[in-house]
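Notes for the structure review
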Number of protein chains: 2
Amino acid sequence: MSSEKNAPIGVFDSGVGGLTVVQEIMRNLPNEHIVYFGDTARVPYGSKSKETVLRYSRQIVRFLKTHKVKAIVVACNTASALALDIIAEEIDLPILGVVRPGASVAVQATHNKKVGVIATESTIHSNLYPLLIQREDPEITVYGKACPLFVPLIEEGWTKDYITVEVAKRYLEELLEKDIDTLIMGCTHYPLLKTLLKGILGAQVTLINPAYETSQVIKRMLEDLSLENDSYCSDGEKYQFYASDIVNKFNVFAHSILPYDIKIMKQILIEEY
Amino acid sequence: MSSEKNAPIGVFDSGVGGLTVVQEIMRNLPNEHIVYFGDTARVPYGSKSKETVLRYSRQIVRFLKTHKVKAIVVACNTASALALDIIAEEIDLPILGVVRPGASVAVQATHNKKVGVIATESTIHSNLYPLLIQREDPEITVYGKACPLFVPLIEEGWTKDYITVEVAKRYLEELLEKDIDTLIMGCTHYPLLKTLLKGILGAQVTLINPAYETSQVIKRMLEDLSLENDSYCSDGEKYQFYASDIVNKFNVFAHSILPYDIKIMKQILIEEY
């Protein structure tokens, strides 16, 4: 069993956003090895169909399996919402996404039973957050809002800009009118807007970051399955990063949020998997 | 020769933006048949590497050739800038992009020899617009500015919004400071911001739409090669539309800019070509 325990966790995202989940895993499960894949050649997923996102996700899962991963984390809300349930039935590995952990913690956080979700168009359209939340507590009303400009604004680096504030005010207006007391940041990029969003929402709204919650769920899952890594390895060897396109943005973004420099970063042709 | 004359023109883009070029071909070459391909499963190209855009463009060219096209129009500035020159040497068909026609008309339009280009990051980074313009007139100075927020703002439908005005002012500021008298809209989506851009630039700056210029170049090219279509065909049969992902946005956008309803719209797996 020891070789399986010491196998890496596979983590994937449509691009760089999933590194916010990697960051939380590094922090909260410092012994674990990670193989990350970012689909930078086909990013974004948030405006694409369920069929396409499922096809891409299956290719990535096949790629991660070549690395003998012991578990897979779908660090992309859109892929979690559109593809995870189907893939989970197809593979023989523990697999989890970011939607379920985010939904669960929102159920615990809300007092007035009014929860908002901001995410990509495809995630909102999938209706998975409302479904999972109401399965845990049917009395909760969930209000979803697609925010397609947030990712480009974050990638432009305008995370504290008045233009982003204006865009956010418009997106959040209808959620605030509904008197939500909890807001799920349902896209892995959005936590980078946390300060700006807090400024608009005020102290009475609790912001949920599914990335953090997901790392806690992985931790419990590995403990339950007795799969925690018990080997020692230096940081440089623990983490491997792959992408379908080599773009400078990946390294810049990774450097800005990860505590380690990315040392092993390789490009692969994901459509061959 | 008659069957070749009556063959369709193949037109492709990373997504829906190339339909602005289709619109101009429909208007200016009403006899021509068109097979359009939009790579909606991998859109956008503007933030991707040359290598990836070239690989995608080669697959699309192979797909269009299965439709026995007589010529190919790369209706995407990014693919024109990153892939066209290489592909032109590989195939035995007339092929043209939108960058060269746009550059040529800018050379004719400028009086003070200061030309601006707004485009995607990859197009600006390729430096092709300056290269082609200065090849025609070395005295012209070209100022490029990547505008990655324009496409998402247009797709959000905010083409007349004060937020888009604020974003555009910031992007155009440095070009206006350089005293440009001509601005190339170097991305097929941007003509949808024409009115808004004119409002910021004022009457003294000439706006160039490469889509229109490209349709004129195709017309002359087909005449030179004696390849003009001389058959009659009803509109419904002349135009075929393919995409790598079926997304509602495609139909909405097509409906908003094309004079005909899209009747034949099929999805294909482009990576198999």
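Everything that follows concerns the structure shown earlier in this document.
This brings us to the sheet that holds strand 5 (residues 114-119) of chain A. Residues and elements named next belong to chain A. Strand order in the open sheet formed by four strands is 6-5-7-8, and the pairing between neighbours is parallel. In the strand order of this sheet, the two ends are held by strand 6 (141-146) and strand 8 (206-208), each with one partner. Recorded for the sheet is a direction-independent mean angle of 20° between the axes of neighbouring strands. Helix 10 (residues 162-177) contacts strand 5, strand 6 and strand 7 (182-186) of the sheet and is inclined by roughly 165° relative to strand 6.

This next bit is on the packing of aromatic side chains. All names here are of chain B. One pass over the structure, following the stated rule, counts 16 aromatic pairs over all chains. Taken together, a centroid distance of 5.2 Å and an interplanar angle of 80° make the contact between F63 and Y273 edge-to-face. On the criterion of sequence distance, the pair formed by F63 in helix 3 (residues 50-65) and Y273 in the segment after strand 10 (265-267) is long-range, its members being 210 residues apart. Take F63: its relative accessible area is 1%, and that puts it in the buried class. Centre to centre, the rings of F150 and Y171 are 5.2 Å apart; their planes meet at 85°, and the pair counts as edge-to-face. With a gap of 21 residues between them, F150 in helix 9 (residues 150-155) and Y171 in helix 10 (residues 162-177) connect regions that are remote in the sequence.

Looking now at the interface of chain B and chain A. Across the contact, 34 residues belong to chain B and 34 residues belong to chain A. Summing the contributions of chain B and of chain A, the shared interface buries around 2800 Å²; its carbon and sulfur component is 49%. Where chain B meets chain A, there are four salt bridges. Residue E271 of chain B pairs with R55 of chain A through a salt bridge whose shortest N-O separation is 2.3 Å. Counting across the chain B and chain A interface gives 18 residue pairs in polar contact (both at pLDDT 80 or more).

In this structure the tally under the stated criterion is 22 salt bridges over all chains. The salt bridge partner of E32 of chain A is K70 of chain A, with a shortest N-O separation of 2.6 Å. Here K70 of chain A lies in the loop between helix 3 (50-65) and strand 3 (71-74) and E32 of chain A lies in the loop between helix 2 (19-28) and strand 2 (34-38), a separation of 38 residues in the sequence. Comparing E32 of chain A with K70 of chain A, the two get one shared label, buried. Residues K65 of chain B and D92 of chain B are paired through a salt bridge, measuring 3.1 Å at the closest nitrogen-oxygen approach. Of this pair, K65 of chain B sits in helix 3 while D92 of chain B sits in the loop between helix 5 (84-90) and strand 4 (95-97), and the two are 27 residues apart along the sequence.

A few words on helix 11 (residues 194-201) of chain A. Residues and elements named next belong to chain A. When we look at burial in helix 11, the residues that qualify are L196, L197, I200 and L201. The arc enclosing the buried residues of helix 11, seen along the axis, measures out at 125°, which places them on a common side. Within helix 11, the exposed residues directed more than 90 degrees away from the buried face are T195 and G199. Looking at the buried residues of helix 11, the elements they touch are strand 5, helix 9 (150-155), helix 10, strand 7 and strand 8. Directly beyond the C-terminal end of helix 11, a positive phi value near 80° is found at G202.

Once that is clear, we can look at helix 10 of chain B. Across its 16 residues, helix 10 of chain B extends 22 Å between first and last C-alpha, which sits within 8% of the 22 Å expected from 1.5 Å per residue. Among the residues of helix 10 of chain B, those classed as buried are I163, T164, V167, A168, Y171, L172 and L175 of chain B. Among the structural elements, helix 10 of chain A together with strand 5 (114-119), strand 6 (141-146), helix 9, strand 7 (182-186) and helix 11 (194-201) of chain B are those in contact with the buried residues of helix 10 of chain B. Measuring from the side-chain oxygen of the N-cap residue of helix 10 of chain B to the backbone nitrogen of I163 of chain B gives 2.8 Å; that N-cap residue is D161 of chain B.

What follows deals with the nonpolar core. Counting 50 residues, the largest nonpolar core has F150 and L197 of chain A together with F150 and L197 of chain B as the members making the most contacts within it. Where this core is concerned, the elements lending two or more residues are helix 9, helix 10, strand 7 and helix 11 of chain A together with helix 9, helix 10, strand 7 and helix 11 of chain B.

A few words now on the environment of S244 of chain B. Among the secondary structure elements, S244 of chain B is positioned in the loop between strand 9 (239-243) and helix 14 (248-257). Residue S244 of chain B is classed as buried on the basis of its relative accessible area, which comes to 1%. When the C-alpha positions of S244 of chain B and R42 of chain B are compared, they lie 7.8 Å apart, and in sequence the two are 202 residues distant. When near neighbours in sequence (up to four residues on either side) are disregarded, S244 of chain B contacts T52 and R55 of chain A together with F37, G38, D39, T40, A41, R42, Q267, I268 and I270 of chain B. Among the polar contacts listed, one links the side chain of S244 of chain B to the backbone nitrogen of T40 of chain B, at a separation of 3.1 Å.

Calculation rules
- Residues numbered from 1 in each chain as written.
- Chains lettered and ligands numbered in written order.
- Predicted model: local features only at pLDDT ≥ 70, side-chain atom pairs only at ≥ 80, totals over all residues.
- Heavy atoms only, no water.
- Pairing = 2+ DSSP bridges.
- Helix = DSSP H or I, 4+ residues; strand = E, 2+ residues; numbered from the N terminus.
- Axes fitted to C-alpha atoms, helices over the stretch in contact; angles between N-to-C directions.
- Contact = heavy atoms within 4.5 Å.
- Phe/Tyr/Trp six-rings, centres within 6.5 Å; stacked < 30°, edge-to-face > 60°.
- Buried < 20%, exposed > 50% of the residue type's maximum accessible area, 1.4 Å probe, protein only.
- Buried area = accessible area lost by both parts, 1.4 Å probe.
- Salt bridge = Lys/Arg side-chain N within 4 Å of Asp/Glu carboxyl O.
- Polar contact = N/O pair within 3.5 Å; in protein donor to acceptor, adjacent residues only side chain to side chain.
- Arc of directions from axis to C-beta.
- Expected span 1.5 Å × (residues − 1).
- Core = buried A, V, L, I, M, F, W, Y, C linked by side-chain atoms within 4.5 Å.

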